[in-house]
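Read off the chains here:
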Amino acid sequence: MKITTAVLITFFLIGHAMAQRNIRLSGTVSSRTGNRLLPGATITVKGTTFSTITGASGDFVIPVQQHQVLVVTHVGFISREIRVDSVSETPLSVILTESVVELNDVTVSTGYQEFDKKSATGSYEQIDKALLNRSTGTSILSRLDGIAPSVFFDHRNNADAPVQIRGISTLGLASTAPLIILDHFPYEGDINNINPNDIESITILKDAAASAIWGARAGNGVIVLTSKKGQLNQHSRLSFTTNLIYTARPDLFTKKDMSPSEYIDVEQLLFKQGYYDGVINDPYNYTPVSPVVQILAKQQSGAISDADANAQINALRKQDVRKDFEKYLYRPDVTRQYGLNLSGGGNNFTYLISGGYDCNTATLVGNRDDRINVRSENTLIPIKNLQLDFGAGYTRINSYNNSPGGYGNITVAGGRALYPYSRLADDFGNPLPVDILYSSNFTDTAGGGILLDWKYRPLDELKNVTRNTVSDALIADLGIKFNLSRSLNAEVRYQYQNTQNNSSNIYNVNSFDARNFINEFTQFDGAIAKYIVPYGGILDGASSSLKGYALRGQVNFNTVYHTRHALNAIAGAEVRQTGITGNNYRVYGYDDKLNNINVDYVNAYPTFDNIFGDAYIPGGSTFSGTLERYTSLYANADYTYNRKYTISASFRKDASNLFGVNANQKAIPLWSAGAAWNISGEGFYHLKWLPFLKLRATYGYGGNVSHTVAALATLRYNPANYQPITNLPFAVISNYPNPDLQWEKVGTTNIGMDFGTQDDRITGSIEYFQKNSTDLLGQKLLDPTLGISYLFTNSANLKGHGADVMLRSKNTDTKNFKWETSFYLSYIKNKVTRYLYNQFTDGLVSDGLTITPLAGYEPYQIISFKWGGLNTSGDPVGYINGKPSTNYDSLVATPLNDQSIDGSAVPHCFGAVRNSFTYKRLSVSVNITYRLGYYFRKPALNYYSLFNNGQGNIEYAQRWQHPGDERKTNVPALVTLIMITATSFTSMLK
């Protein structure tokens, strides 16, 4: 009996021990924010050497005994310890909370995969939602201004490349914009459709190793937007955000224009010289003249006395049209943003539903826009190893642009500036007319009262014109991922984009546009007016439709072998198509009951009083359409040994209907390669004050495509009313064939160093890069006997180099108070190295506002005439062959090598310094941006523009007037009409 008992006890102890050793615990590791499954997390049995690393889907299996403790760690997250008190068939779900994000402890996204920046060889910059929310605005890209290293925003009007990543990589014929990725696919719609409150983080891909995976569209850099998502095992969470942005009404008097009195002095001078005689004395010239010129003409003809003329003119000297603009057409700019977000999840599902409403009352009266966003993102794990992602988003933007124009935008016939002494309303606020097309002498009497009122009153247009644009954008995506093993999974993703834009400009019958067209074509049958253009309003309509489809299949492999070898690889294929159609039309006789009347666009009709002779009624319809298709094969892999040595490589082969047949047949992929060395992980490294130091280097190619130049011959069809002689539709060649047309190639070398001091007191990175853009689109001269003089070919080259410096410091870090400083500096310089189209450069001057492709020069080069001061007569002096000269005909033809090459109009150096202060739960940040190493041309007095376009300058008061003034001013003397060539020279002086 005793023996039997002993045996039973022995077997029980052995079984119990075996049961403890045989537990195999499985589970997943995910982030608390963003519901991201975390590959590369380390799970260790505390007090033992047993450990494992999560696979590509954040899953793990580890042998463990009951009551042991698991330690779960991941870079950038707070470690967790979990006690194994019981065994369950349900996989363990471990949720990690993000730690304070440091420069090197962040997760970056390429749109194809996510990984730790610390293990990357390429150049990435990640902006999290906390930093994004420190900026305001309804545009997601505008929030990057001043906080993202390497990203430059060109705020000049009509800039060629308003957003640049490490400078430009093309000369403007191809796309200059960075590629925008929304989650997994390129976003083809209007970036303003994206609500910033829906974005979790932004990753900027700067070098080839980071961006080359996007192939033929990655040459300008890539910006990856990652949307917010629900989280596993999270209770429902409801959040509400609101912003109010107030911008004061602009002070128009900060622009130092010529005073109304000085402007009148110039008009009087020109009148005495006979400048207006042709307009005044021609009975068939209906061009408007200013009120001052009308008064002077009446004085000259004896219609009014000298005293009356002087009194009227002196009254005008006291008026300033800017006062009326500020009072009636400007107001404070107010933007209100509201956002509502509901998110949560369980063991096998997550959800997020968000809505947003933005309302912007623009600074110009009559202009405003509203935006509504609704979005849903869902994840479902119906069975083990299978994950379904599905989501959709809808945006509607409703914009009104009813303002007649701001100060400087309302012009008189021929583009002449509105007279500075004009008035928009009388003393009682009643709208006053402004002569913009015809003189008041004509409109006061035309038609003997039978025609419609022919006066233009800017303030009346606010109630008579409605310009409205409605944009509806829908985006839907579906993803299926299946785990084939712990290390291998396959996924298929599909995305559909649809954007519909509809605009209508309605000019009711009381608007100037409607009255003007009706009057211009009105014919008289005795005392009865016959309306060729129907009596009623005018509707100008336009619509466009963008539809995009993308399908991708991808295999992901992520494994760690013996804790020393880590391999992360992806491979896949995708197809994409984007089609854009559009049409424009005009309807006459339109009213609010949707009535309209057909008109004759084919035949010419006499205009009233033969103003334009016989003319065709403007209008008709136009249609347009483009279709872009891409197919791609790609792969990317990186291997890390012992967490110290990393190598990476990627390749991508693109084909497109935009490329020529020969280019599509070439099997030359765009590729990248990189290496990184974690020096601080070496045994010989003993710098305690610098515990983290990493070197990395990459080289590779990205591409760039043009959406306007195609490889095939392209025809543009024109309707019959464009050819009144034959009254038949016809076509013209808009694009000539080029079977060798291919993508532009951008080769990039990047060398970087990442570092961090003890306790991450100071962290940062320093990078140097070189860019070599080849096969850029440029004009190439052809043999004229071919029928065309030039063709757009891959014939230009561009080089650039620069550096990025990023530093972050923890100045104070206590329980209740934190003070952190972030500093970044970016340096960029470009030069055109090849351009086959030989421009005529004699007398060439440039403001640097647009790209000037001259071999050997910077693309935004400012070029000026050399300045030799003023002579004793107040005339500007230049240089010919190094000698002072006032021969202006020769000076304006100065060879380029004798010009003043001033420098780039785009800064070579820019950056920001940001200080963040946190007291308990209150945060305040101060951001200072700077731009260095660039030039701009100061607005100067140009007598030609003053005389012909009414564009004055405050320098008029500083002009040379007496001998000796040349020693204290650089503003030339007021020239006579025969000296006008000199002013063209003067306006472009250094």
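Residues numbered from 1 in each chain as written. Predicted model: local features only at pLDDT ≥ 70, side-chain atom pairs only at ≥ 80, totals over all residues. Heavy atoms only, no water.

### Focus: the sheet that holds strand 4 (residues 59-63)
Condition: A pair of strands is considered paired only if DSSP assigns at least 2 bridges between the two. Segments assigned H or I by DSSP are reported as helices when at least four residues long, segments assigned E as strands when at least two residues long, and all are numbered from the N terminus. Angles shown run from 0 to 180 degrees and are taken between the N-to-C directions of axes, each axis being a line fitted to C-alpha atoms and, for helices, limited to the stretch in contact.
With respect to topology, three strands assemble into an open sheet ordered 4-1-7, the strand pairing being mixed. Each having just a single partner strand, strand 4 and strand 7 (92-96) make up the two edges of the open sheet. Mean inter-strand twist for the sheet, computed between neighbouring axes without regard to direction, equals 35 degrees. Bridge count for strand 1 (residues 24-31) against strand 7 is five bridges, and the pairing is parallel. Its bridge partner lying in strand 7, Val-29 is registered against Val-94.

### Points about the packing of aromatic side chains
Convention followed: Side-chain rings of Phe, Tyr and Trp (the six-membered ring for Trp) are treated as a pair once their centres are within 6.5 Å; stacked means planes under 30 degrees apart, edge-to-face means over 60, and tilted covers the remaining angles. The buried label applies to any residue whose accessible area, calculated with a 1.4 Å probe on protein chains only, is under 20% of its type's maximum; exposed applies above 50%, and partly exposed to all values in between. Lysine and arginine charges are scored as sitting over a ring when NZ or CZ, respectively, is within 6 Å of the ring centre and within 35 degrees of the ring normal.
Counted by the stated rule, this structure contains 28 aromatic pairs. Between Tyr-419 and Tyr-421, the ring centres sit 6.1 Å apart and the planes meet at 15 degrees, which makes this aromatic pair stacked. Taking the relative accessible area as the measure of exposure, Tyr-419 reaches 4% and is therefore buried. Take Tyr-421: its relative accessible area is 1%, and that puts it in the buried class. Note on Trp-819 and Phe-917: the rings are 5.8 Å apart at their centroids and 20 degrees apart in plane angle, and the pair reads as stacked. Of this pair, Trp-819 sits in strand 41 (residues 817-834) while Phe-917 sits in strand 46 (residues 909-919), placing them 98 residues apart in sequence. For Trp-819, a relative accessible area of 30% corresponds to the partly exposed category. Under the relative-accessibility criterion, Phe-917 is labelled partly exposed at 29%. One aromatic cluster is present, formed by Tyr-286, Tyr-438, Phe-442, Trp-454, Phe-524 and Phe-608 through successive ring pairs. Between Arg-576 and the ring centre of Tyr-630, over which it is positioned, the NZ or CZ distance is 4.6 Å. Seen from the ring of Tyr-956, Arg-959 lies directly overhead, with NZ or CZ sitting 3.9 Å from the centre.

### Overview of the environment of Arg-237
Stated precisely, the cut-off is as follows: In what follows, residue pairs with any heavy atoms lying within 4.5 Å of each other are defined as contacts.
Residue placement: Arg-237 occurs in strand 17 (residues 234-247). Taking relative accessible area as the criterion, Arg-237 reaches 45% and is therefore assigned partly exposed. For the pair Arg-237 and Leu-342, spaced 105 residues apart in sequence, the C-alpha to C-alpha distance is 5.6 Å. Among residues more than four places away in sequence, those in contact with Arg-237 are Gln-231, Asn-341, Leu-342 and Ser-343.

### Topic: the side chain of Arg-552
In plain terms, the rule: Each polar contact in these results corresponds to two N or O atoms within 3.5 Å; when the atoms are within protein, one needs to be able to donate a hydrogen and the other to accept it, and residues that are neighboring in sequence are counted only if both atoms are side-chain atoms.
With respect to the element layout, Arg-552 can be found in strand 28 (residues 537-561). From its side chain, Arg-552 meets the backbone oxygen of His-184 in a polar contact 2.5 Å long. If we ignore the near neighbours within four places in the chain, the residues touching Arg-552 are Gly-111, Tyr-112, His-184, Phe-185, Trp-214, Glu-491, Val-492, Arg-493, Ala-573, Glu-574 and Tyr-634.

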